[in-house]
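Spelled out from the first residue to the last, the chains are:
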Amino acid sequence: MDRDSEKHDVERLPYTEYVRKMMNPEKIFSKPEPLKGIRVVEIGTLVLGPMLPTYLAEFGAEVIKVELPGIGDTMRSLTPFAKFYKNLALGFEASNNSKYHISINLKTPEGKELMYKLVRKADVLVENFRPGTTDKWGLGYRQLSEINPRLVYISMSGFGQWGPFTVRPSYDAVAQATSGLMEATGFKEAMPLKVGDWIGDYYGALIGAFAVMVGLYYRQKSGKGQYIDLSQAENLVRNMDWTWLYVHLTGKNRERTGNRDVAVVPSDIVRVKDGYVAIAAFREDEFRGLCEAMHRHDLYERYADIEERQKPENQEEIYAAMHEWAKNKTVSEIEEIAGKHGFAAAKVMSAKDQYEDEHWNERKAVWKYEDMVWGELAEVAPVPKLSESPGRIKWTARPLGFDNEYVFVKLLGMSIDELKELYRKGIIGKYTKEIPRTCPPDDWDRKSGLFFPEVRVDE
Amino acid sequence: MSDWVEWAKENCNVTKAKDKPEALDDVLVLDLSYGNFAGLFSSSLLAEFGAEVIRIEPPGGDIARKMTPFGLKIKDTGLAYIVEGRNKFHITLNIESEEGREIFKEMAEKADVVIETFKPGYMDSLGIGYRQLSKLNPKLIYTAIYSFGQFGRKAASKMPDYDVINQAMGGITWTTGIPEEYEEYPEHTRVPTRMGPWMGWYVGGGFAAFGIMVALFWRTISGKGQFIDVSEAEAMAKVQNYYIQYYHTFRDTINRVANFDPAVYPYTLAKVKEGMAFIAGFSDVNWKALCTVLGREDLIDQYPTIKERLNPENWPKALKELETVTANMTTEELIQATLEYEGEGTAVAGELLTPEESFNVENWWLRGALMKVRDPYYGELAVQGIAPKHEKTPGRIKWLCKPVGEDNEAIYKKYLGYGKSKLEELKNKGVI
């Protein structure tokens, strides 16, 4: 087919077919990477620091993850019910794909020298130590921007680099608890709830990645790097929708309302015979559809007007009717009725549901692939799907110091002898069998997945 | 340390942003979001950093202005919308009219970014989707946000997009909530539970803004625009820990664990004098630290490794032991004790605040996480400020929101040269 008729063909495709053809999940590796040439040095642990560069790595940035020798990133031990997959912690897997893993003792002068060499060639530095720590080590923004003024340097922390809370150590849940997110989640008559995942970390890291991109965009125009201070607690504060304005105007607390939405009425989750379904119908036509489906045209008559629906006593009546109507139906019955009547309904999905869902798989939303080191794996695919320069997952998290040789030889031009010397002095480190979670799989063939042969001090 | 804090305070203070440059002041964004806070939040992020964002609403206004708790509004606009109206210009345009479409095309030719949240194919069917606009403006970055995304068998389903739908499909609801077997809680509360705020929209919007920045960056190198497809449900899945990995590896799902954590223990709420507080001390060294802080060194060897500590049967037992100490402390005392600990490892405690209490946290106000803004239309209000604090190009809030169509005159003049009489004519025809 010649180009013109192919173009003509695209013109006539149904919309979603046209988009599928344009996005084509099977052709992602034949397209350019938008962040190719951007080098990121990460000195992070757990999720908040490491996940940020992962988002950048998925779009082609060369991320060099620096861990301390010994146990490496604490995240290497975070896995549910202490179940590892061939030495790999699933928490570590989920927050570290497509990076190069090296291990440097940052507390030694020689280790710092190595860092300076890397930073000279880097575009971005990401760290999430306690505020002031990298500065104390000589690896703070003030020192590193001297040797590389184009560096975009982001510090991720619980509460930011200055202010009364700076000294507080923080985790995701601390941010959730302090921001008000936990007290806004759950039922009033039960207890406040921690969200079932590390939303402050994964989502904080995303906004960090956005912030870095803002910094890089500005650098394209100005030539200047800069410093960014991101607090994950403040990031959750930012995302509390109408909460603060409500407290400001009414002087009242935002109470927990379970699954019921008090602004988008109705919007709730109902228990059905074989699971749980989210239902929402805010637009008048959607609400009419829901009422008709429930054979409750009287509700529509009275509450077609959105403001009427939002009154507390009316909300109560509408929500009670929905639960009553739904309880003897199945998930698929409700989904089907919703489609017919034009309101929204969706199953509360588990990871299994997502993993097996045909729609998600057509979109390659679950990225199933063969990793060079670990074999068959699955991750959640890069999320914004870009048509011309899409994100991709190349490999998952790697053993401690796995890419020392590649990075130090290729990037810093060091010799094998120099490397051996650094290993001997403990300036750089590598996985050891005493700490299995730093290691490749036990049956690893000593070469799969390596970009440069390993140097063995004893050989 | 203190020296560093001084530097950071001097250089990363968004409340003093106004004399510094804006990173995105050369970016023009057309935001056609309708009833969708993922779209609104994504353009808010861009607007905070200086992009000129033009909100295009239908002549009757965006239904998102009505999504407000208990119907609470200021001058006809709901609270949530006011929060995400920041720094945006507001015009109206009826894109279902022929003339409206032509006007939109002219605007899109000049724009860098288009954001829309309609059902897939709606814009395309009007002749103003990416397929058509990319010919007029090959540098355009066109972002479409929808629960199911823009392709795949369910993309054409026409299901409306809501926060709760995205949270439910995203997997996060499945893992949040009180398990069925915790019988001390009422039955209707032992269910999968959504996050209170609209995270199913906000997280999707965050990914859209990130995608737009990646595309803008790549455009400075390649000169090319592109299409961005964001599913908010997939966005939720992306921030959902290792749950897909766990299913793939062990063919098992992570279910609700109340306030525990399947991979980290302890990392939970514990009883304190005045209610509950958060405590954590995971990895062996941090567990030692926590037990030491609480004077329960005997527990160190009772649960020596993650093997014991990540056994769900041990979770309530070990928590009860820890609570024998914490229940007699205030949150403040608990936090102080963890901060004073000087041994190896870190024990963490955190206060559990209601939104009302959090609103009064001085730290947020000092750092501009919460801000008071005097808005010419809506008065002096308190809203969330800017999350990331950039040294050289800080984000800022210039105004909060505007009424429907408030900027018609200025924007149509600036970009299309329309005068008053032309606008009057369009208004009479129902185009604006």
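Residues numbered from 1 in each chain as written. Chains lettered and ligands numbered in written order. Predicted model: local features only at pLDDT ≥ 70, side-chain atom pairs only at ≥ 80, totals over all residues.

**Considerations on the overall build of chain A**
So, point 1. Scanning chain A for helices and strands turns up 20 helices and 12 strands.
So, point 2. Within chain A, buried positions represent 60% of all 459 residues.
So, point 3. Taking the contacts inside chain A whose residues are at least 6 apart along the sequence as the reference set, 69% of them involve residues at least 24 apart. (Helix = DSSP H or I, 4+ residues; strand = E, 2+ residues; numbered from the N terminus. Buried ≥ 20, exposed ≤ 12 C-beta atoms within 10 Å, placed from the backbone. Contact = placed C-beta atoms within 7 Å.)

**As for unusual backbone geometry**
Peptide bonds are, in most cases, trans, and in most cases residues other than glycine have a negative phi.
So, point 1. At the junction of Val265(A) and Pro266(A), the peptide bond is cis and its omega measures out at -5° in the coordinates.
So, point 2. Mapping Pro266(A) onto the fold places it in the loop between helix 11 (243–250) and strand 7 (267–272).
So, point 3. A cis amide bond, omega -10°, links Tyr265(B) with the succeeding residue Pro266(B).
So, point 4. You can see Pro266(B) is positioned in the loop between helix 11 (243–250) and strand 9 (267–272).
So, point 5. A positive phi angle, close to 50°, is found at Arg251(B), a residue other than glycine.
So, point 6. Locating Arg251(B) in the fold gives a position in the loop between helix 11 and strand 9.

**Some points on the packing of helix 3 (residues 48–58) of chain A against helix 9 (residues 199–222) of chain A**
Residues and elements named next belong to chain A.
So, point 1. With their axes 8 Å apart at the nearest point, helix 3 and helix 9 run at an angle of 50° to one another. By the criterion of interaxial angle, the relationship of helix 3 to helix 9 is oblique. For the element pair helix 3 and helix 9, the recorded crossing hand is right-handed. Across the interface between the two elements, Leu48, Met51, Leu52, Tyr55 and Leu56 from helix 3 touch Asp201, Tyr202, Gly204, Ala205, Leu206, Gly208, Ala209 and Val212 from helix 9.
So, point 2. Split into classes, the residues belonging to the contact of helix 3 with helix 9 amount to 10 nonpolar, 2 polar and 1 charged. (Axes fitted to C-alpha atoms, helices over the stretch in contact; angles between N-to-C directions. Parallel < 35°, antiparallel > 145°, perpendicular 65-115°, else oblique. Left-handed = near helix turned anticlockwise from the far one by under 90°. Nonpolar A, V, L, I, M, F, W, Y, C, P; charged D, E, K, R; others polar.)

**So, the interface of chain A and chain B**
So, point 1. Taken together, the contacts link 151 residues of chain A with 150 residues of chain B.
So, point 2. When residues of the side of chain A that touches chain B are assigned to their parent elements, the largest contribution, 16 residues, is made by helix 9 of chain A.
So, point 3. For the side of chain A that touches chain B, the residue count by class is 84 nonpolar, 36 polar and 31 charged.
So, point 4. Note: strand 12 (residues 385–386) of chain A against strand 8 (residues 226–230) of chain B, 2 bridges, orientation antiparallel. From the neighbouring strand, Lys385(A) faces strand 8 of chain B, where its bridge partner is Asp229(B). (Pairing = 2+ DSSP bridges.)

**A short note on the domain arrangement of chain A**
So, point 1. Along its sequence, chain A is organised into domain 1 (31–238 + 396–438) and domain 2 (267–349).
So, point 2. Distance between the C-alpha centres of domain 1 of chain A and domain 2 of chain A: 44 Å. (Domains from an automatic or database assignment.)

**So, the sheet that holds strand 9 of chain B**
All names here are of chain B.
So, point 1. Sheet architecture is open: 3 strands sit in the order 9-10-11, paired in antiparallel fashion. Unpaired on one side and paired on the other, strand 9 and strand 11 (348–351) mark the two borders of the sheet. The mean inter-strand angle of the sheet, taken between neighbouring strand axes irrespective of direction, is 35°.
So, point 2. Where helix 15 (residues 314–326) meets the sheet, its contacts fall on strand 9 and strand 10 (275–280), and the angle it forms with strand 9 comes to roughly 45°.

**Here's the deal with the domain arrangement of chain B**
So, point 1. By domain assignment, chain B separates into domain 1 (17–239 + 392–428) and domain 2 (267–352).
So, point 2. Measuring from the centre of the C-alpha atoms in domain 1 of chain B to the corresponding centre in domain 2 of chain B gives 43 Å.

**Overview of the environment of Phe207(B)**
So, point 1. Among the secondary structure elements, Phe207(B) is positioned in helix 9 (residues 199–222).
So, point 2. For Phe207(B), a count of 31 C-beta atoms within 10 Å gives the class buried.
So, point 3. Separated by 169 residues in sequence, Phe207(B) and Ala38(B) have C-alpha atoms that sit 9.1 Å apart.
So, point 4. In contact with Phe207(B), other than residues within four places in its own chain, are Leu206(A), Val383(A), Pro384(A), Val230(B) and Ala235(B).

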